[in-house]
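# Structure at a glance
Okay, here's what each chain looks like letter by letter:
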2 protein chains.
Amino acid sequence: MPLTEANHSIPPASTISRKELRELVRTQLQMLLEIGDLTAAKSILKPVQPTDIAEAIEGLPETMQVIAFRLLSKDEAIEVYEQLDSSVQQSLCEKFKRQEVIDIVDKMSPDDRARLFEELPASVVRRIVAELSPTERQSTALLLGYEAGTAGRIMTPEYVSLKEYFTVSQSLERIRSLAHVTETIYSLYVTDSDRRLLGILSLRDLVTAQLDQSVGEIMNQDIVSVQTDTDQEEVADIIQRYDFLAIPVVDSERRLVGIITVDDVLDIIQQEATEDIYALGGVQTDGDNYFQANLLTIARRRVVWLLVLLLTNSVTGSILKSQQDLLQQVVALSFFIPLLTGTGGNVGAQSSTVVIRGMNTDEIRAMGPLQVIVREGLAGALLGSILGILATIWAAIFVVQGNLSVALAVGISLVAISILASVAGSSLPFLFRSLKLDPALMSAPFITTAVDVLGVLIYFNLARLILQI
Amino acid sequence: MPLTEANHSIPPASTISRKELRELVRTQLQMLLEIGDLTAAKSILKPVQPTDIAEAIEGLPETMQVIAFRLLSKDEAIEVYEQLDSSVQQSLCEKFKRQEVIDIVDKMSPDDRARLFEELPASVVRRIVAELSPTERQSTALLLGYEAGTAGRIMTPEYVSLKEYFTVSQSLERIRSLAHVTETIYSLYVTDSDRRLLGILSLRDLVTAQLDQSVGEIMNQDIVSVQTDTDQEEVADIIQRYDFLAIPVVDSERRLVGIITVDDVLDIIQQEATEDIYALGGVQTDGDNYFQANLLTIARRRVVWLLVLLLTNSVTGSILKSQQDLLQQVVALSFFIPLLTGTGGNVGAQSSTVVIRGMNTDEIRAMGPLQVIVREGLAGALLGSILGILATIWAAIFVVQGNLSVALAVGISLVAISILASVAGSSLPFLFRSLKLDPALMSAPFITTAVDVLGVLIYFNLARLILQI
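Residues numbered from 1 in each chain as written. Chains lettered and ligands numbered in written order. Predicted model: local features only at pLDDT ≥ 70, side-chain atom pairs only at ≥ 80, totals over all residues. Heavy atoms only, no water.

### As for the packing of helix 17 (residues 295-322) of chain B against helix 22 (residues 439-467) of chain B
All names here are of chain B. Close contact between helix 17 and helix 22 brings their axes to 10 Å; oriented N to C, the two are set at 10°. Between helix 17 and helix 22, the interaxial angle falls into the category roughly parallel. Contact residues: helix 17 offers Trp-305, Val-308, Leu-309, Thr-312, Asn-313, Val-315, Thr-316, Ile-319, Leu-320 and Ser-322, while helix 22 offers Ala-444, Pro-445, Thr-448, Thr-449, Asp-452, Val-453, Val-456, Leu-457, Phe-460 and Arg-464. Of the residues in the contact of helix 17 with helix 22, the class split is 12 nonpolar, six polar and two charged. (Axes fitted to C-alpha atoms, helices over the stretch in contact; angles between N-to-C directions. Helix = DSSP H or I, 4+ residues; strand = E, 2+ residues; numbered from the N terminus. Parallel < 35°, antiparallel > 145°, perpendicular 65-115°, else oblique. Contact = heavy atoms within 4.5 Å. Nonpolar A, V, L, I, M, F, W, Y, C, P; charged D, E, K, R; others polar.)

What follows is the structure, encoded as structure tokens:
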């Protein structure tokens, strides 16, 4: 969607939060629509930000949404439509008359339109595409031709291109003429007659140059660009790394096909963080909103991880069964099973969480894997010792016969399990990364399995040793 | 740090990745410095991005860092310095001569300088501040006067301000003169003689207007701004929500004191996501890099959560002890303890993860808490049933005497625990949010406690019932 440079707002010096104000707009709007006062409804929407209008419309009953939408001026309607939730975009589309569809969808930013078309049923998309103007139909086909989640899909072809031989004043003229239709006028791209990217300059460069200089003199020929098939996460990473406002997208022949602006990257960064958080929590994602999926889909996304756990626990259960004689003799050993598996699980989770996040945000870059693992192992030993001492004391007092043997077994096992868990938690992510597998997805099951199974084995063998059974 | 509009790069059409190229630059640089060929070293750095030069320098041995740094031109040195890791910034500072410190630190962006001063020892900061020019010393005092993590601390006072009565061409002149010292020239701020913010306009607005129009005619009077004490997370949220390139920061008298640009927000979004991920994984953060902290600090940040777990497990252990007679009689019941506590823990983690993330990214906005909790409860019931059936079958076959009673107790407990876990996992975050506590930090201990303790109670009471003991 277009970068916002100017902004509207609600009356200043308000003492209520923006969130409450948005809610106020929505309830007022609904009330005015219910009594049919369209003039008043139109006027309360006037000073409100497009993003906020979109949220207000989403909160309305479906029947009122079209009416509210039609209150908007044409330019604002397009901006608001781009901001709407895809389910609302779809339902409006079905209610629009043919001309309205052309007006809105045709004038949308190509990248937003591509995103809309991804969500709509194919039949609806075909119908709309047929109504688009030829240029817009072409843009759409271009973007949708690229795989989802790549630079090609999220770029926009609406950039400002200049020729080397343009003077600064000619360029400013061109920019003035294009300013209403391009995504941004602050990053400018110099191409040759084959559309190959020759250089980049900024509006700041132009504005501070002499009017009679040529673009070729000012432009920067060292270009950072991405390819159409570059992963969106990498695009976000590059823009964040170099603090760019926009980055050019080229095809395999180094021809400029589009640009990606920083505002789209803000959303990507958040999306990717959500995916990582879900993966660490054991929930699969398809990129869709979890809260809009139905119950079966939710179950499907969560059951995988739980089935893996069931498997792990069957191994642990078998080990416990094999230790049946010891358990029968010293039932007190069973009291501490939750403590041991729980501690192992959490120490492992702590280590893997920081390592996986560190890999994704490049914070580990100064350290090699070995250094990280050793550090984590030492941390595990330190934490395990603290917990082990406290647990031993608690167990000795609690298991009131003063059965120090059991208490010792618990304490020493805790230290061993903590070290095991932190080493597994920190090393497995590196292993998976080197195998080109997603660490966030793969690590947890393996860490849990290793820690639970080995932990229980350590505990019981230690107990046998100490109790001399 | 200043927004990057133009960019440099490494030779095009390369077949190796940017990451490998960066590594290449670093190794080449080190080699050239070792043999003392400063001219060649200077030339290989020439086409490289400041961000990449910074990373290359960070990878050098400490003794070489100053030498490499002094190869850079003054302008580039400032840009590179702003990008360096704070530990390297500090060590360079100690090695710099007095004049070098003035040259670099004085010319840094105020917000980057504030960030640097946060990290340096107080004595070093005092020494440097004494060397700064009066204006820069004032900027520094201004920013450091605000609390860390607020708009005041991360803003920069280097913006372009215009007066209402300026014409477009006068404004363009002013912009040309300021273009080298301001953070951005794309967002422009109109103030009165008391520095009160009257309106905002963009360079796009100026460039598309008539040269003789006045700023007052073009500017937008509806302003979205933040206060100096606004939390940085909220600033990031607003910029992301409205797709702004920059946002003005005002004091309590609505006077303009600084601006925050979108590139700083990219870093904030990632920082905040890291904090959430750490919290969900049971690790405290102080905003510092985990991988740069020493062992004691790491242990301190992780031990809290583990001590809470120790407490929880002492309760669970007591419950198990109170069921001693049952356990002695049917030792097989203990085989399934890890399965039950493990499943409860993970179902609870799944629910709380998606709810907490949904609250932070505003994805839940369409649903009320009750609807979310009911949905999660149903998901828990569904998942629990699947797992319960599988577990019962496995337990019945595995506990080979065909002791269906134990198998049933396990299966039914699993269903109950899953429902309990998902309801607790989804409701507690809402509870903490309404108590103005951080859900990400507070939820996990309480969820785990509730699920483990109640889960074990359910299991054993159910077993007693079924086995009629």
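Anyway, onward from the coordinates.
### Details of a nonpolar patch on the surface
Taken together, the side chains of Leu-307 of chain A together with Ile-386 and Leu-390 of chain B make up a nonpolar region of the molecular surface, amounting to roughly 200 Å² of accessible area. The residue Leu-307 of chain A is located in helix 17 (residues 295-322) in this model. Among the residues examined, Leu-307 of chain A registers a relative accessible area of 32% and is labelled partly exposed. (Patch = residues over 30% accessible without salt bridge, like charges linked within 9 Å, V, L, I, M, F, W, Y side chains within 5 Å. Areas by Shrake-Rupley, 256 points an atom, 1.4 Å probe, with all protein chains shown as cover. Salt bridge = Lys/Arg side-chain N within 4 Å of Asp/Glu carboxyl O. Buried < 20%, exposed > 50% of the residue type's maximum accessible area, 1.4 Å probe, protein only.)

### Here we look at the domain arrangement of chain A
Residue and element names in this part refer to chain A. With domains assigned, chain A is organised as domain 1 (13-150), domain 2 (161-262) and domain 3 (290-467). Here domain 1 and domain 2 have C-alpha centroids that lie 30 Å from each other. The interface is formed by five residues belonging to domain 1 together with seven residues belonging to domain 2. Together, the buried faces of domain 1 and domain 2 total about 470 Å²; carbon and sulfur atoms form 49% of this surface. Of all residues in domain 1, the largest losses of buried area upon contact with domain 2 belong to Tyr-146, Gly-149 and Thr-150, amounting jointly to 77% of the total for that side. Put simply, domain 1 and domain 2 have zero salt bridges between them. (Domains from an automatic or database assignment. Buried area = accessible area lost by both parts, 1.4 Å probe.)

### Remarks on the interface of chain B and chain A
Across the boundary between the two partners, chain B contributes 124 residues, which contact 126 residues of chain A. Here chain B meets chain A over a buried area of about 12,300 Å², counting both sides, of which 61% is carbon and sulfur. Contact with chain A buries surface across chain B, with Arg-204, Asp-243 and Phe-291 of chain B losing the most and accounting together for 7% of the total. The interface formed by chain B and chain A contains six salt bridges. Glu-376 of chain B is the salt-bridge partner of Arg-302 of chain A, the closest N and O atoms lying 2.8 Å from each other.

### Observations concerning unusual backbone geometry
Located in the positive-phi region is Lys-436 of chain A, a residue other than glycine, with phi close to 60°. We classify Lys-436 of chain A as exposed; its relative accessible area is 77%. The backbone of Asp-243 of chain B shows a phi angle near 55°, a positive value even though the residue is not glycine. Within the secondary structure layout, Asp-243 of chain B lies in the loop between helix 15 (232-242) and strand 5 (246-250).

### Observations concerning the nonpolar core
Soluble globular proteins tend to bury their nonpolar side chains together. Counting residues in hydrophobic clusters, the biggest one holds 87 residues, and the most contacted among them are Leu-333 of chain A together with Leu-333 of chain B. Apart from residues no more than four positions distant in its own chain, Leu-333 of chain A is found in contact with Leu-326, Leu-327, Val-406, Tyr-459, Phe-460 and Ala-463 of chain A. Counting 85 residues, the second largest nonpolar core, distinct from the first, contains Ala-114, Leu-201 and Val-235 of chain A together with Ile-239 of chain B. (Core = buried A, V, L, I, M, F, W, Y, C linked by side-chain atoms within 4.5 Å.)

### Digging into the packing of aromatic side chains
Under the counting rule described, the total for this entry stands at 21 aromatic pairs over all chains. Between Tyr-81 of chain A and Phe-96 of chain A, the ring centres sit 6.1 Å apart and the planes meet at 40°, which makes this aromatic pair tilted. Note that Tyr-81 of chain A is positioned in helix 5 (residues 74-83) and Phe-96 of chain A in the loop between helix 6 (86-95) and helix 7 (98-107), a separation of 15 residues in sequence. You can call Tyr-81 of chain A buried: its relative accessible area is 0%. Between Phe-69 of chain B and Phe-96 of chain B, the ring centres sit 5.5 Å apart and the planes meet at 40°, which makes this aromatic pair tilted. Linking Phe-69 of chain B in helix 4 (residues 62-70) with Phe-96 of chain B in the loop between helix 6 (86-95) and helix 7 (98-107), this pair joins segments that are 27 residues apart in sequence. Summarising the burial analysis for this pair, Phe-69 of chain B and Phe-96 of chain B share the class buried. Through pairs of rings, three or more aromatic residues link up here, namely Phe-69, Tyr-81 and Phe-96 of chain A. Geometry around Tyr-242 of chain B places Arg-241 of chain B over its ring, the cationic atom sitting 5.8 Å from the centre. (Phe/Tyr/Trp six-rings, centres within 6.5 Å; stacked < 30°, edge-to-face > 60°. Lys NZ or Arg CZ within 6 Å of the ring centre and 35° of its normal.)

### Considering the sheet that holds strand 3 (residues 197-202) of chain B
All names here are of chain B. Strand order in this open sheet of three strands is 1-2-3, and the pairing throughout is mixed. In this open sheet, the two strands that pair with only one neighbour each are strand 1 (160-162) and strand 3. For this sheet, the mean inter-axis angle between neighbouring strands, taken without regard to orientation, is 35°. Here three bridges tie strand 1 to strand 2 (residues 187-191), and the two strands are oriented parallel to one another. Within strand 2, the position partnered with Leu-162 by the bridge is Val-190. (Pairing = 2+ DSSP bridges.)

### Remarks on the UniProt feature "transmembrane region" (unreviewed entry) in chain A
Residue and element names in this part refer to chain A. Per the UniProt record, "transmembrane region" (unreviewed entry) is found at residues 377-400, 406-432 and 444-467. Helix makes up 100% of residues 406-432 and strand 0%. Its end C-alpha atoms lie 37 Å apart. Secondary structure across residues 444-467 divides into 100% helix and 0% strand, with the first and last C-alpha atoms of the span separated by 34 Å. (UniProt positions renumbered as here; feature names shortened; annotations may be inferred.)

### Some thoughts on the relation of the copies chain B and chain A
With an RMSD of 0.3 Å, the operation that places chain B on chain A is a rotation of 180° combined with a shift of 0.1 Å along the axis. Read as a symmetry element, the transformation amounts to a two-fold axis. Both copies present the same face, since 100% of the interface residues in chain B are matched by interface residues at the equivalent positions in chain A. (Least-squares fit on C-alpha atoms with pLDDT ≥ 70 in both.)

### Some points on the UniProt feature "domain: CBS" (unreviewed entry) in chain A
Residues and elements named next belong to chain A. As annotated by UniProt and renumbered to match this structure, "domain: CBS" (unreviewed entry) occupies residues 155-218 and 219-275. As annotated, residues 155-218 comprises 31% helix and 22% strand, and the C-alpha atoms at either end are separated by 26 Å. Segment residues 219-275 splits into 44% helix and 23% strand. End C-alpha atoms: 39 Å apart.

### Some thoughts on the packing of helix 3 (residues 50-58) of chain A against helix 5 of chain A
Two packed helices can be described by the angle between their axes and the distance between those axes. Residue and element names in this part refer to chain A. Across the interface, helix 3 lies against helix 5 with an axial gap of 8 Å and an inter-helix angle of 65°. The two elements helix 3 and helix 5 cross, and the hand of that crossing is right-handed. On helix 5, the residues touching Pro-50, Thr-51, Ile-53, Ala-54, Ile-57 and Glu-58 of helix 3 are Glu-76, Glu-79, Val-80 and Gln-83. Partitioned by chemical class, the residues of the contact of helix 3 with helix 5 number five nonpolar, two polar and three charged. (Left-handed = near helix turned anticlockwise from the far one by under 90°.)

### Concerning the sheet that holds strand 6 (residues 256-261) of chain A
In a beta sheet, neighbouring strands pair by backbone hydrogen bonds and run either parallel or antiparallel. Residue and element names in this part refer to chain A. Within the open sheet, the three strands sit side by side as 4-5-6. Their pairing is mixed. Edge positions in the sheet fall to strand 4 (226-227) and strand 6, since each has one partner strand and no second. Pairing of strand 5 (residues 246-250) with strand 6 involves five bridges; the strand directions are antiparallel. Of the residues in strand 6, the one forming a bridge with Pro-248 is Ile-259.

### Here we look at the confidence of the model for chain A
All names here are of chain A. Scored by pLDDT, chain A has a mean of 85; 94% of the residues are at 70 or more. Predicted confidence is poor over residues 5-15, with pLDDT under 50, and the contacts of this stretch with residues over four places away or in other chains come to 32 contacts. Interface confidence for the predicted complex, given as ipTM, is 0.76, next to a pTM of 0.77. (pLDDT = per-residue confidence, 0-100.)

### Quick notes on the side chain of Ser-426 of chain B
All names here are of chain B. One can find Ser-426 in helix 21 (residues 404-434). A distance of 2.7 Å separates a polar side-chain atom of Ser-426 from the backbone oxygen of Ser-422. In this structure the side chain of Ser-426 is engaged in a polar contact, spanning 3.2 Å, whose partner is the backbone oxygen of Val-423. Dropping the residues within four chain positions of it, Ser-426 is found in contact with Ser-351, Val-355, Ile-373 and Glu-376. (Polar contact = N/O pair within 3.5 Å; in protein donor to acceptor, adjacent residues only side chain to side chain.)

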